[in-house]
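# Descriptive structure summary
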Amino acid sequence: MPKRTLLIPLLLASLALTACKDRPAVEEEIRPVRTTVVGEDAVAATQRFAADIRARHESPQGFRVAGKVTERLVDPGAMVRAGQPLLRLDPADLGLELTARQAQLAAAESDYRQQETDLARYQGLLAQHFISQAEFDRRASGVVVAREKVKQARADLAVSQNRRAYATLTAERDGVVSRIDAEPGQVVQAGQTVVTLAVPGEREAVVNVPEARLAAFRTASAYSVQLWNDGRRYPATLRELAPVADPVSRTYQARLSIPAADDAVKLGMSATVFVTGRDQPAQMRLPLTAVLDEQGRHAVWVLDGKTLRVKKRTVTLAGIDSQTVIVASGVRAGETVVTAGVHLLRDGMRVRRLDPSPRPGKPALAQVGNDKAPASGGQP
């Protein structure tokens, strides 16, 4: 084989090796992220609760007899006086009952008069020895029984008269009708609340406290109430905290007095109750987006400021809400944590921050790429 033929493959191989040496190395992948510097937040001791404004003294009222509502004589928000009619029941059945009691009384009184007349006759027969003493005593006992039946019938009649009067529900005291739970045509039971009267005067904020926040609510150092409609805020004091949870909502009702309430605080308004904790330590908060949840374990990406590389670190959470988490352990104040793009990172991956000095607790946009990448790089 000619030498020229052997040199051609060798020449091609040499050219291929030269081309590989001249090819640039593969660039390292760099991800854009957002970061924040971990800081201690001492304001976390303040909690918020939804509340509504009510009167301190409320009077739930109901009929003392069962029946069908035929009339509603007042509307919600109306001012009423003690003794003023509020609702009425159908009196037909109660009227029939009253008529029956009156007839029973008349029959008992007639029987009593007959027994007394007979006893007078038997007394003459006893004097003439036509009847025995035992027979006379039996007749005398019959008079006593008849007299007691008259008393019973009169008592039954009085009860029926009262029951008929109970068909009209009247206000127990002066106040404002805050709620009506019955309408004409509705059948109600005895004792069922159909009207709630609020006594004008002191206002209170009513809150339903979850079990997990009960201890902090009870030991708080300060309370305040802010109205939703105009943002006015009033100092408040805890007056009452239910000892037993509601069987349906499993929350504890709390009532807070508002001593400085003015005319702007009206019954039924919505409000926010602010509860400031007592001697609560400072806490570290992070955005909820900074936390990775992996099979029940939580972790964050910590950024090394010198190498601009991230490292996963396991953390323990002490609390969580709709936007932030409270970190109990795993990170220290002053460390930089990634808050966006956490699911696209891996240990040792390099990043580059746009804002090299983010303030503690304030996320800063960070973007990475090669030096030729524009400053407005895309989101992760």
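Here, every reference points to the structure presented above.
Every value quoted in this text rests on a predicted model; they were computed, and no experiment measured them.

On to the sheet that holds strand S3 (residues 46–55), then. An order of S3-S12-S15-S14-S13-S16 is seen for the six strands of this closed barrel, with the pairing classed as antiparallel. Strand-to-strand twist across the sheet, computed as the mean angle between neighbouring axes with direction ignored, equals 40°. In the sheet, strand S12 (residues 203–210) pairs with strand S15 (residues 251–257) via seven bridges, with the strands oriented antiparallel. Bridge pairing in S15 links Val-209 to Tyr-252.

Taken in spatial order, the four strands of this open sheet run S8-S7-S5-S10, and their pairing is antiparallel. Each edge of the sheet is formed by a strand with only one pairing partner; in this case those strands are strand S8 (168–170) and strand S10 (187–188).

This brings us to the layout of surface pockets. Considering only enclosed or pocket space, the second largest pocket measures out at about 270 Å³ in volume. If you trace the second largest pocket, you find 14 residues lining it, with Arg-54, Glu-58, Ser-178, Arg-179 and Thr-196 closest to the centre. For the lining of the second largest pocket, the secondary-structure elements that each account for two or more residues are S3, strand S9 (175–180) and strand S11 (193–198).

Between the first and last C-alpha of helix H3 (residues 133–165) there are 49 Å, a value that for 33 residues agrees with the 48 Å anticipated at 1.5 Å per step. Of the surrounding secondary structure, the elements contacted by the buried residues of H3 are helix H2 (92–127).

As a further point, take the nonpolar core. The tendency in soluble globular proteins is for nonpolar side chains to be buried as a group. One finds Ile-53, Phe-217, Val-225 and Val-273 to be the most contacted residues of the largest nonpolar core, which totals 26 residues. Put simply, the parts of the chain that give this core at least two residues each are S3, S12, helix H4 (214–218), strand S13 (222–227), strand S14 (233–241), S15 and strand S16 (270–276). Ranked by size, the runner-up nonpolar core spans 19 residues in total, among them Val-65, Val-80, Leu-89 and Leu-197.

This paragraph deals with the pairing of strand S22 (residues 336–340). For S22, the tally of buried residues reaches five of five residues, placing the bulk of the element in the interior. Relative to S22, strand S1 (residues 33–37) runs antiparallel, the two sharing four bridges. Residue Thr-36 lies in a different strand from S22, and its bridge partner there is Val-337. Bridge count for strand S19 (residues 297–303) against S22 is two bridges, and the pairing is antiparallel. What sits directly across from Val-302, in S22, is Val-337.

Glancing now at the pattern of salt bridges. Applying the stated criterion across every chain yields a total of 23 salt bridges. Taking the shortest distance from any N to any O, the salt bridge between Glu-335 and Arg-332 comes out at 3.1 Å. Residue Glu-335 is classed as buried on the basis of its relative accessible area of 12%. Within this structure, Arg-56, Glu-202, Glu-204, Arg-239, Glu-240 and Arg-255 form a network of salt bridges that share partners.

Rules and cut-offs
Residues numbered from 1 in each chain as written. Predicted model: local features only at pLDDT ≥ 70, side-chain atom pairs only at ≥ 80, totals over all residues. Heavy atoms only, no water. Pairing = 2+ DSSP bridges. Helix = DSSP H or I, 4+ residues; strand = E, 2+ residues; numbered from the N terminus. Axes fitted to C-alpha atoms, helices over the stretch in contact; angles between N-to-C directions. 1 Å grid on protein atoms, 1.4 Å probe; cavity = no way out; pocket = protein on both sides within 12 Å on 5 of 7 lines; lining within 4 Å. Points joined across faces, edges and corners; volume = space filled by probe spheres on them. Expected span 1.5 Å × (residues − 1). Contact = heavy atoms within 4.5 Å. Core = buried A, V, L, I, M, F, W, Y, C linked by side-chain atoms within 4.5 Å. Buried < 20%, exposed > 50% of the residue type's maximum accessible area, 1.4 Å probe, protein only. Salt bridge = Lys/Arg side-chain N within 4 Å of Asp/Glu carboxyl O.

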